[in-house]
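Now for the letters of each chain:
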Amino acid sequence: MTGDDGFARLLRAEWTKLRTVPRWGLTLLAAVALTLLIAVLSASGDMHKGGGGPEAPPGAPRKFELRDLPAGGTVTARVAALTADRAWAKAGLIVRRGDQRHGPHVAIMVTQGHGVRMQSGGENRAAGSGGAPRWLRLTRAGTTVTGYVSADGRTWQRAGRFTVGGLTGTVQAGLFVASPDDVKVVRQFGGESISGQPTGDGNRAFFDNAAMTPAPAAPWPAGRIELAGGGDIGPDRFAGDETRRALSGTLIGQAAIIALAVLFVSAEYRRGMIRTTFLASPRRGRVLAAKAVVLGAVAAAAGLAAGFGSFLLGGGNLPPLSDGAALRALLGTGLLFGVIALFALGIGALVRHGAAAITIALVLLLAPYIVATGLPVSAAVWLGRLTPAAGFAVQQTIERYDTAIGPWAGLGVLCCYAAAALGAAAWRLRATDA
Amino acid sequence: MEASIEVRGLRKRYGPALAVDDLTFTVRPGQVTGFVGPNGAGKSTTMRMILGLDRPDAGTALVGGRPYRTLRTPLCAVGAMLDASAVHPGRKARDHLLWLAHSNGLPVRRVDEVLAAVGLESAARRRAGGFSLGMRQRLGIAAALLGDPPVLMFDEPVNGLDPEGIAWIRGLLRSLAGEGRAVLVSSHLMGELEGSADHLVVIGRGRLIADTGVRELLAAASGDRVELRTGRRGEAMTVLSRAGATVSAGARDTLTVAGLSAERIIAALTGAGVEFSGITEHRATLEEAYMELTRDAVEHRAEAS
């Protein structure tokens, strides 16, 4: 079968069917409008708190002492002492771009109870034993940062190396002190509440011998440098996914997409119109394929409008559109609506009864999402991997403690469900009398 | 493309019930073939099998020499109206025809032509949900005519129509057959086909009862009975019996005479000097012929079992 074997005619016929029932156009608009409405409501009820703990009052010791570092250079310092009450309290050197915790960075540190370590992104590697006092050094060559450690400032040992794509241009480098937050997660049906208490206010680190090549414009303070405070560095696995929050209206908007997709086929069964359809095109599998193409494209367009609209109206601390993960989430929302429409179309063609098919599709797509929040994380992630609701993973932009599956893998799971539903529907169409 | 429908040994079973049982008939071009039988006789099932909607358990149904499911632009081969209510109520009449036209690559101008042909131009931009039954029938017929097909099939097209609508459909059927098309029209009332059908395929309980021309059927059913009205019944009976007729007395002063033509009855009565006030040749209606036919079929079945 080739493309010009009448399939274009079928596409045109199905598109004409879709656009000539005004109620269906309104349903599509409702999908976008509902999504946007939730986005606006959730933006005004935004409870986000900035990560990293409260700002230090003026004059008090700070947590960071940073200078600009060009594409090639070195920063060195000695951690003279670290006083803290927890094993994961840490002090050391960091090279980072931007002040977001999940932004690109490489750090080398002395910890209270876990030796010398190097960290980038979510990765934290052991790089030696013992604690302060200790000499540390980070050498940057473009996007590659190498860490060194020394006991006396004369003989250096390589501790590790990270290449981080985001570390371009002039970045910031210098000293830091940090300590992980005390995080309490309360999960209940319909949502979660996370209360993070920055700890380690008693955290105190003393540095000396701070130096940078090339020399920074603003010189380092002379003598001992004291840094203090709580809050951690690196990605926060308990941070809110702002992009995903802005897109949370799609959970409601999908209901309209499901209704449209199911009605697009079940309405034909209700009135016996399916016979007229099969009289005009006796090859039934191709009719279903044409319906899927037309509906999937229309739903994807609605998903794009809903996604980008939510992002614009979403307020809060949303990343810029140039952010790769955010852009993936927005384009992914278009694909998500498209695949949800195909899944619902398959169920509609299989069940042939509008109300029943809408209920089934909605339960399979929405219920796992709600139930998951009431389950332990270990069980919830399996719901997020195995049910059609996995498709919503394409909207996540950061990795969290409860992340079930990668963005594309999640969408892939939903695609498998859609393919199975459409396949079963095609089989039933061919095998039974119309 | 050949304008005909050929049904050979068609059989369809729904659970324990045999809906269509070894049915064979041919619908020829240039005439209207009535497809008659009581409700539940298997007419609609047969039509659905011809149109590739239901799969027969045995036998074949060919349209223009080919199975329906192998047709690539079926609307140009066969036009069919099965169920006039099979229209989405939210869609405008013209849009309903438009998607049908697109599906078979027909020009949009055909949509307006068939709307005019069935007299629906003024309702073209109204939603089908607000249509009367008669308007829906016209829309269904417009859809059947869309591809200008040589074969047409209508399932109970006059069901629920007013006399004006029935007259219109009769005229339409005659003109379609006059253009050389093969037209198959089903009905559970034989009377509806009076004056429009040339040929009849009669089925009962899924089996073929008769496959005959309308003229032959009527002649057979009418016999040569003559109704006679006279004040002198006794004398007339004697005279006509002697002349070789079978005479039976009817109501008041009427006699029913069989076995003699009207001319010979008049000659015999005049010769014997018996006065009469009226004489009419009896003509069976299609309905009567059909009753006779199905009664025979029922008796045959009773004897056989």
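What you see is a predicted model; the values in this text were computed from it and never measured.

**Regarding the domain arrangement of chain A**
You'll often see interface size given as the accessible area lost when the parts meet. Assigned domains within chain A: domain 1 (7–46 + 242–431) and domain 2 (64–228). For domain 1 of chain A and domain 2 of chain A, the distance between their C-alpha centres works out to 44 Å.

**A word on unusual backbone geometry**
Most of the time, phi is negative for any residue but glycine, and the peptide bond is trans. Cis geometry is found at the peptide bond from A:Thr213 to A:Pro214, where omega equals -10°. Positionally, A:Pro214 belongs in the loop between strand S13 (204–213) and strand S14 (225–228). Backbone geometry places A:Asn209, a non-glycine residue, at a positive phi of 55°. Relative to the assigned elements, A:Asn209 resides in strand S13. Non-glycine residue B:Asp22 carries a positive phi angle of around 50°. By the secondary structure assignment, B:Asp22 is in strand S2 (residues 17–27).

**Notes on the pairing of strand S7 (residues 182–187) of chain B**
Working note: regular strand, side chains alternate between the two faces of the sheet. Residue and element names in this part refer to chain B. The element S7 is extensively covered by neighbouring structure, given that 6 of its 6 residues are classed as buried. Both faces of S7 are covered, namely the face carrying Ala182, Leu184 and Ser186 and the face carrying Val183, Val185 and Ser187. Bridge analysis of strand S6 (residues 151–155) against S7 gives 5 bridges, and the strand direction is parallel. Residue pairing for S7: leucine 152 is matched across the bridge by valine 183. Taken together, S6, helix H5 (residues 163–178) and S7 constitute a β-α-β crossover, and its handedness is right-handed.

**Some words on the packing of helix H2 (residues 22–44) of chain A against helix H4 (residues 250–270) of chain A**
Residue and element names in this part refer to chain A. One can describe the packing of H2 onto H4 by two numbers: an axis separation of 7 Å at closest approach and a directional angle of 170°. Relative to H4, the element H2 lies roughly antiparallel. Facing Trp24, Thr27, Leu28, Ala30, Ala31, Val32, Leu34, Thr35 and Ile38 of H2, the residues of H4 in contact are Thr250, Ile252, Gly253, Ala256, Ile257, Ala259, Leu260 and Leu263.

**Examining the sheet that holds strand S1 (residues 5–14) of chain B**
Residues and elements named next belong to chain B. Pairing within the open sheet is antiparallel, and its 3 strands lie in the order S2-S1-S4. The open sheet is flanked by S2 and strand S4 (58–63), the only strands paired with a single partner. Going across the sheet, the axis of each strand differs from the next one's by a mean of 20°, ignoring polarity. One ladder, built from 5 bridges, connects S1 with S4; its direction is antiparallel. When the bridges of S4 are listed, arginine 11 appears paired with alanine 58. Taken strand by strand, helix H1 (residues 43–50) contacts S1, S2 and S4, and its axis lies near 115° from that of S1.

**A word on the domain arrangement of chain B**
Domain boundaries in chain B define domain 1 (5–212) and domain 2 (224–281). In this structure, domain 1 of chain B and domain 2 of chain B have C-alpha centres spaced 47 Å apart.

**A few points about the sheet that holds strand S4 (residues 105–111) of chain A**
All names here are of chain A. The strand order across the open sheet formed by 6 strands is S1-S10-S3-S4-S5-S6, and the pairing between neighbours is antiparallel. Bordering the open sheet on either side are strand S1 (64–69) and strand S6 (123–128), each of which pairs with just one other strand. Strand-to-strand twist across the sheet, computed as the mean angle between neighbouring axes with direction ignored, equals 20°. In this structure, strand S3 (residues 90–96) lies alongside strand S10 (residues 171–178), joined through 7 bridges in antiparallel fashion.

**Looking at the environment of B:Gly165**
Residues and elements named next belong to chain B. Its location among the elements puts glycine 165 in helix H5. Look at glycine 165 and you get partly exposed, because 18 C-beta atoms sit within 10 Å. Each C-alpha atom of the pair glycine 165 and arginine 8 lies 34 Å from the other, and the pair is 157 residues apart in sequence.

**So, the UniProt feature "transmembrane region" (unreviewed entry) in chain A**
All names here are of chain A. The feature "transmembrane region" (unreviewed entry), as annotated in UniProt, sits at residues 21–41, 246–267, 288–313, 325–351, 358–384 and 404–427 in this numbering. Across residues 246–267 one finds 86% helix and 0% strand; the C-alpha atoms that close the span lie 34 Å apart. Secondary structure content for residues 404–427 is 88% helix and 0% strand, and the end C-alpha separation is 33 Å.

**Quick look at the interface of chain B and chain A**
Listed by partner, the interface residues are 29 residues for chain B and 24 residues for chain A. Looking at which element gives the most residues to the side of chain B that touches chain A, the answer is helix H2 (residues 93–103) of chain B, with 6 residues. Tallied by class, the residues present in the side of chain B that touches chain A amount to 13 nonpolar, 8 polar and 8 charged.

**Observations regarding helix H3 (residues 108–117) of chain B**
Residue and element names in this part refer to chain B. Along H3, the residues that are buried comprise Arg110, Val111, Val114 and Leu115. What you see down the axis of H3 is that its buried residues fit within an arc of 135°, all on one side. The exposed residues of H3 that point more than 90 degrees off its buried face are Arg109 and Ala116. Looking at the buried positions of H3, the neighbouring elements they touch are H2 and helix H4 (133–145). Just past H3, the residue glycine 119 takes up positive phi, approximately 75°.

What counts, and where the lines are drawn
- Residues numbered from 1 in each chain as written.
- Chains lettered and ligands numbered in written order.
- Predicted model: local features only at pLDDT ≥ 70, side-chain atom pairs only at ≥ 80, totals over all residues.
- Domains from an automatic or database assignment.
- Helix = DSSP H or I, 4+ residues; strand = E, 2+ residues; numbered from the N terminus.
- Buried ≥ 20, exposed ≤ 12 C-beta atoms within 10 Å, placed from the backbone.
- Pairing = 2+ DSSP bridges.
- Right-handed = clockwise from strand over helix to strand, strands pointing away.
- Axes fitted to C-alpha atoms, helices over the stretch in contact; angles between N-to-C directions.
- Parallel < 35°, antiparallel > 145°, perpendicular 65-115°, else oblique.
- Contact = placed C-beta atoms within 7 Å.
- UniProt positions renumbered as here; feature names shortened; annotations may be inferred.
- Nonpolar A, V, L, I, M, F, W, Y, C, P; charged D, E, K, R; others polar.
- Arc of directions from axis to C-beta.

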